[in-house]
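Here's the letter readout for the chains.
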Amino acid sequence: MAKRPTPTEFIVERDKDRCIACQVCVRMCSNDVHIYDADTNTVTSDNSKCVGCHFCETLCPTDAITIKKNESSFKPNANWSVSVISDITKQAETGGVILTGMGCDKPYTIYWDHILLNASQVTNPSIDPLREPMELRRYIGRKPDKIELDYNKKGKIELKTMLEKQLKLEVPIMFSAMSYGSVSLNTCISLAKASHELGIFYNTGEGGLHKSLYKYGKNTIIQIASGRFGVHPEYLRTGAAIEIKIGQGAKPGIGGHLPGEKVSKEVSEARMIPEGTDAISPAPHHDIYSIEDLRQLIHALKEATDYEKPVGVKIAAVHNVVPIASGVARAGADYIAIDGMRGGTGAAPKVIRDNVGIPIEFAIAAVDARLREEGIRTKVSLIAAGGFRSSGDVIKAIALGADAVYIATSALIALGCSQCQKCYTGKCNWGIATQDPYLTKRLNPEIGVQRLKNLIRAWSLEIKDMLGGMGINSIDSLCGNRTHLRGIGLSDRELEILGIKSAGEPQ
Amino acid sequence: MRHSEQEKLISGCSVAGIMNESGRKISGEAIIRSIAVMRERSNGLGGGFSAYGIYPKFKNYFAFHMMYDDKKAMADAEGYLKTNYRVVKSEEIPTIEDKSIKNRPLLWRYFVELKDKVKNLYYDLTEEDIVVNDVMKINAEIEGAFVTSSGKNMGIFKGIGYPEDIGRYYKLEEYRAYIWIAHGRFPTNSVGWWGGAHPFGLLNWSVVHNGEISSYGINKRYLENFGYRCSLFTDTEVILYLFDLLVRKHKLPFDIVCKIIDAPLWEEIDRNGDDEERELLKTLRIIYSSALINGPFSIIISDGNIMMGLNDRVKLRPLVSLKDGDTVYMATEECAIREVCKSKKEIYYSKSSEPIIGKLKN
């Protein structure tokens, strides 16, 4: 049987009049798309290798290159789309699982785009953040229901309550888990240093901790996942908090796989595995087969770190997220991070990424409501994750009930990522999802730090503006305050689960 | 009326309070005159008063002031009351005939004590807890019945009209109290429900409020954790319940409660050089972040021992005060104080979040 031709995804258009054959594209493309012919002194392209990352387009000094989506393909068909036919063809050829990177790109409803925010008019003056104080600080961790006070002999009030360790966030946004190995060290350094300067936290993922990152420990959430890679006493002691990763929004129910090609000498040291071997995290933790096992692990980690660090648990937003979260809270977690189905990944089977889990909007709304019904909401903080694109998404998540949000994809976009979804190949032209030294040096961590700080600063300013508009001067008063949200274009059932009224309904 | 209403009421207002710290009682004449000069700030759609020390003969009994839409509501509520309480006295609240006062509900008051069998049944609750639960239940579940106030030796008198007209309607000049609090209302919608006028009361608490609470949504959900049911379609009730929760249940002093609902800014806390105090303020904010009241407000609140005036964190609503001997005056505008206080002393303009407190001497 003849091999079926699948159309290339992209076409590299080169303007011959503009191209000066400088070959910068040839040298820089990690996918070897561009080919130089010395005899004719011309550059040509192999469209089949192009992933659409636009790196060459950015570098070309004469703007000769344009990357276009290949429109010429099969007969249009709503059911049998080009990507479906391509995937089937690939699987017929290889017998393998289709891999992909980053978050689900299917056009499921993005509920953030169906939620509108409130603003004050006349009866309640809006507050101008340029003139008035506007507070974004949040504390993550377990809180008691009430404070205990005592009076000393002089009648002065003394504090009896000893709060459990909290994470202080100057802005309720953190950088979500991305492991060293899946991303480059320069990416990790950018995230770590930016967190340090912003007064927030980044998360190590399951990558262990490279020796150069220990100095950012106070702004680091260290993760313990099912592979236990890179976990040792000093690792536990270095972080500000410990996160047990049960699941990830992009691939709920399965483990992880870092291909051996990405396990360089330094990655192997950080992960404590042999160089060049695949790092495979099992689907479940092999010491957690039930909720009481999780409870034991939480307390074992607290014992190991003298109860000085909050221990959180990250779960994927799945159908049963509500009782699962309740169980996790009762198992003693200080925070629960819930990762929605649009959360990113370095590598996941495409069929899982695109078909498993639920959107974060429903998960956070339902979990917050249930924890309140059960009277245990104060005992645990909620962190929402999975596809936050703007300060608008962030503020809506907080109003639905999240104490803070995790962002990762947005942070990578700030560092250059163009969402080509090829992280798993290790050939990231932007120097982010790769360990190839030729590529990683393209990301200058000093510039990376500045860009991440700019992004968080911009979002903070926008959040302050929106808060002021609502007549609120502390993020505390928005957290869980759904009266400031209205739904648009949603069914009654969706509004009910989100716990919000429809646009047009007054308070 | 209330149950067909779907919206939260929004209003602007005037507030006034007079307290004699020695417990000397004065007639309601002064507070009526005081609130009347601020007529400009209300629009005839709500006025009310709370008075402390008015029922000395029944000071050991809970005084339930009730509003009923009709006889059926009255029968339902009385039936409910009588199962839990021994009613020592019940009577119609005296009023004058005034044709300008419209949509008058039935106004009734009861002096009651909890039956022993009820106390035994709820042995893990205090008497006050049981009363709170009953007030919540009547207000949320008995159609057409509303508990206006439920404290001891105090009562709330309110309705739809200008406050001075409501005061005369209830013949308040005939009552003598050591604390008087008044409210004139300017609601921005015209739904005429008498229960929606201020003050709002629960146990000995009464509160009047000028402003709007933008943190209402989370304050309400926070209070629901502790069994409070916000069913009055007003953001003011969350203030009342927060005070009840923090003072009565969490046993926190008034000044600490102010540091919770009107928390100092983080930058002020960070700057505080006293390590213990800084830690206390920080811990309060961390534990009680959902009890922070946000948005413009000035309130006057009392539990019968203390009368306190308080502003929001950036002072977006006016409140002034003056202390003359053992009498403390508070009001939205200076004119309301000058009208009833002969002192030439300067008016005190409190800062944002600064509580003004009148305290009963022993």
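None of the values given here were measured: they were computed from a predicted structure.

About the criteria used
- Residues numbered from 1 in each chain as written.
- Chains lettered and ligands numbered in written order.
- Predicted model: local features only at pLDDT ≥ 70, side-chain atom pairs only at ≥ 80, totals over all residues.
- Helix = DSSP H or I, 4+ residues; strand = E, 2+ residues; numbered from the N terminus.
- Rg over C-alpha atoms; globule rule 2.2 N^0.38 Å.
- Buried ≥ 20, exposed ≤ 12 C-beta atoms within 10 Å, placed from the backbone.
- Contact = placed C-beta atoms within 7 Å.
- Core = buried A, V, L, I, M, F, W, Y, C linked by C-beta atoms within 7 Å.
- Domains from an automatic or database assignment.
- Pairing = 2+ DSSP bridges.
- Axes fitted to C-alpha atoms, helices over the stretch in contact; angles between N-to-C directions.
- Nonpolar A, V, L, I, M, F, W, Y, C, P; charged D, E, K, R; others polar.
- Parallel < 35°, antiparallel > 145°, perpendicular 65-115°, else oblique.
- Left-handed = near helix turned anticlockwise from the far one by under 90°.
- pLDDT = per-residue confidence, 0-100.
- Expected span 1.5 Å × (residues − 1).

Enquirer: Just to check I follow, could you spell out the overall build of chain A for this structure?
Expert: Scanning chain A for helices and strands turns up 15 helices and 23 strands. Here chain A has a C-alpha radius of gyration of 24 Å; the compact-globule value for 507 residues is 23 Å, and the two agree. Here chain A holds 507 residues, and 50% of them are scored as buried.

Enquirer: What should I look at first to understand the overall build of chain B in this one?
Expert: When helices and strands are counted, chain B shows 11 helices and 18 strands. Against the compact-globule benchmark of 21 Å for 362 residues, chain B has a radius of gyration of 20 Å, which places it among compact chains. With respect to the three principal axes, the spread of C-alpha positions in chain B is 60 × 50 × 45 Å. Per-residue burial over chain B gives 54% buried out of 362 residues. Nonlocal contacts in chain B, meaning residues at least 24 apart in sequence, comprise 77% of its contacts between residues at least 6 apart.

Enquirer: Sorry if this is basic, but what is going on with the nonpolar core here?
Expert: Side chains that are nonpolar tend, in soluble globular proteins, to be buried together. Residue and element names in this part refer to chain A. Grouped together as the largest cluster of nonpolar side chains are 255 residues, with contacts concentrated most on Ile336, Ile338, Ile364 and Val405. Looking at this core, the element that brings in the most residues is helix H10 (residues 360-373), giving 9 residues. Mapped onto the domain boundaries, this core takes at least three residues apiece from domain 1 (10-96) and domain 2 (172-482). When neighbours within four sequence positions are excluded, isoleucine 336 is seen to be in contact with Gly312, Val313, Ile315, Ala325, Val328, Ala329, Val380 and Leu382.

Enquirer: Mind showing me how you'd approach the sheet that holds strand E5 (residues 85-92) of chain B here?
Expert: In a beta sheet, neighbouring strands pair by backbone hydrogen bonds and run either parallel or antiparallel. Residues and elements named next belong to chain B. With respect to topology, 4 strands assemble into an open sheet ordered E5-E6-E4-E7, the strand pairing being antiparallel. With partners counted over all chains shown, the strands left at the sheet margins are E5 and strand E7 (145-149), one partner each. Across the sheet, the axes of successive neighbouring strands diverge by a mean angle of 30°, strand direction being ignored. Both strand E4 (residues 62-68) and E7 contribute to a ladder of 4 bridges, which runs antiparallel. Each residue of the ladder has a partner; that of tyrosine 68, found in E7, is alanine 145.

Enquirer: Just to check I follow, could you spell out the environment of Ala337(A) for this structure?
Expert: Residues and elements named next belong to chain A. Tracing the backbone shows alanine 337 in strand E18 (residues 335-339). Look at alanine 337 and you get buried, because 33 C-beta atoms sit within 10 Å. Ignoring anything within four residues of it in the chain, the contact list for alanine 337 reads Glu243, Gly312, Lys314, Ile383, Ala385 and Tyr406.

Enquirer: Help me understand the interface of chain A and chain B, please; the structure alone is not making it clear to me.
Expert: Bring the parts together and some accessible area is lost; that lost area is often taken as the interface size. At the junction of the two partners, chain A supplies 37 residues and chain B supplies 33 residues. Grouping the amino acids of the side of chain A that touches chain B by side-chain chemistry returns 14 nonpolar, 14 polar and 9 charged.

Enquirer: Would you mind going over the sheet that holds strand E13 (residues 297-302) of chain B with me for this structure?
Expert: Residue and element names in this part refer to chain B. Here we have 5 strands laid out as an open sheet, ordered E11-E12-E13-E14-E18, and antiparallel in their pairing. At either margin of the open sheet sits one strand with a lone partner, and together these are strand E11 (200-202) and strand E18 (356-359). The sheet shows a mean angle of 15° between the axes of neighbouring strands, taken without regard to direction. Sheet topology places strand E12 (residues 205-211) next to E13; 6 bridges connect them, and they run antiparallel. Residue pairing for E13: asparagine 210 is matched across the bridge by serine 298. The sheet strands contacting helix H7 (residues 236-249) are E11, E12 and E13, and the helix crosses E12 at an angle near 140°.

Enquirer: Honestly, the domain arrangement of chain A in this entry has me stumped. Any pointers?
Expert: As assigned here, chain A comprises domain 1 (10-96) and domain 2 (172-482). With centres defined by C-alpha atoms, the gap from domain 1 of chain A to domain 2 of chain A works out at 33 Å.

Enquirer: Please clarify how the packing of helix H6 (residues 216-224) of chain B against H7(B) should be interpreted in this entry.
Expert: Residue and element names in this part refer to chain B. Their axes nearest at 10 Å, the elements H6 and H7 cross at an angle of 40°. As far as their axial angle goes, H7 and H6 are oblique. For the pair H6 and H7, the sense of crossing is left-handed. Here H6 contributes Tyr216, Asn219, Lys220 and Leu223 to the contact with H7, which in turn contributes Val238, Tyr241, Leu242 and Leu245. Its residues assigned to classes, the contact of H6 with H7 comprises 6 nonpolar, 1 polar and 1 charged.

Enquirer: What am I meant to see in the packing of helix H11 (residues 391-400) of chain A against helix H14 (residues 445-469) of chain A here?
Expert: A pair of packed helices can be characterised by two numbers: the angle between their axes and the separation between those axes. Residue and element names in this part refer to chain A. Axis separation between H11 and H14 bottoms out at 9 Å; the angle between their running directions is 55°. On the basis of the axis angle, H11 is oblique to H14. Judged by the sense of rotation from one axis to the other, the crossing of H11 with H14 is right-handed. Every residue of H14 that contacts H11 at Ser391, Val394 and Ile395 is listed here: Trp459, Glu462, Ile463 and Met466. Its residues assigned to classes, the contact of H11 with H14 comprises 5 nonpolar, 1 polar and 1 charged.

Enquirer: What am I meant to see in H6(B) here?
Expert: An α-helical turn contains 3.6 residues, so any two residues separated by three or four positions project in the same direction. With 8 of 9 residues buried, H6(B) lies mostly within the body of the structure. Listed as buried for H6(B) are Tyr216(B), Gly217(B), Ile218(B), Asn219(B), Lys220(B), Arg221(B), Tyr222(B) and Leu223(B). Residues of H6(B) that are buried in the fold lie against H10 of chain A together with H7 of chain B.

Enquirer: Would you mind going over the pairing of strand E3 (residues 42-45) of chain A with me for this structure?
Expert: Each regular strand shows side chains that alternate between the opposite faces of the sheet. Residue and element names in this part refer to chain A. Side-chain alternation along E3 places Val43 and Ser45 on a buried face and Thr42 and Thr44 on a face that remains uncovered. Direction of pairing for strand E2 (residues 34-37) relative to E3: antiparallel, over a ladder of 4 bridges. Considered in E3, the bridge of aspartate 37 is made with threonine 42. In this structure, the hairpin formed by E2 and E3 is closed by a connection of 4 residues, where asparagine 41 is found at a positive phi of approximately 55°.

Enquirer: Hey, could you run me through unusual backbone geometry in this one?
Expert: Among all residues except glycine, the phi angle is most often negative; among peptide bonds, the trans geometry is most common. For the bond running from His198(B) to Pro199(B), omega is 0°, close enough to zero to count as cis. In this fold, Pro199(B) is placed in the loop between strand E10 (179-187) and E11. At Gln23(A), a position not held by glycine, the phi torsion is positive, near 70°. Considering the arrangement of structural elements, one finds Gln23(A) in the loop between strand E1 (10-14) and helix H1 (24-28). In this structure, Lys315(B) takes a positive phi of about 50° despite not being glycine. You can see Lys315(B) is positioned in the loop between strand E14 (306-311) and strand E15 (320-324).

Enquirer: It is not clear to me how the confidence of the model for chain B should be interpreted in this structure. Could you clarify?
Expert: Note that predicted coordinates carrying low pLDDT should not be read in detail. Residues and elements named next belong to chain B. Taken residue by residue, chain B gives an average pLDDT of 92. The fraction at 70 or more is 96%. Confidence drops under a pLDDT of 50 for residues 1-6, and excluding neighbours within four residues, the segment shows 9 contacts in the predicted structure. Among the prediction metrics, the complex's ipTM stands at 0.92, with pTM recorded as 0.93.

Enquirer: Is there a simple way to explain H7(B) in this structure?
Expert: Residue and element names in this part refer to chain B. Here H7 spans 19 Å end to end across 14 residues, near enough to the 20 Å set by a 1.5 Å rise per residue. Most of H7 sits out of view: 11 of its 14 residues are buried. Taken as a whole, H7 has its buried residues at Thr236, Glu237, Val238, Ile239, Leu240, Tyr241, Leu242, Phe243, Asp244, Leu245 and Leu246. Immediately downstream of H7, the backbone of lysine 251 shows phi near 55°, a positive value.

Enquirer: Hey, could you run me through the environment of Glu505(A) in this one?
Expert: Mapped onto the fold, Glu505(A) is located in the segment after strand E23 (501-502). Classification of Glu505(A) by C-beta neighbours within 10 Å gives exposed; the count is 12.

Enquirer: Got a minute to help me understand the environment of Leu172(B) in this structure?
Expert: By the secondary structure assignment, Leu172(B) is in the loop between helix H5 (163-169) and strand E9 (176-177). Residues Leu172(B) and Val340(B), 168 residues apart in the sequence, show an inter-C-alpha distance of 16 Å.

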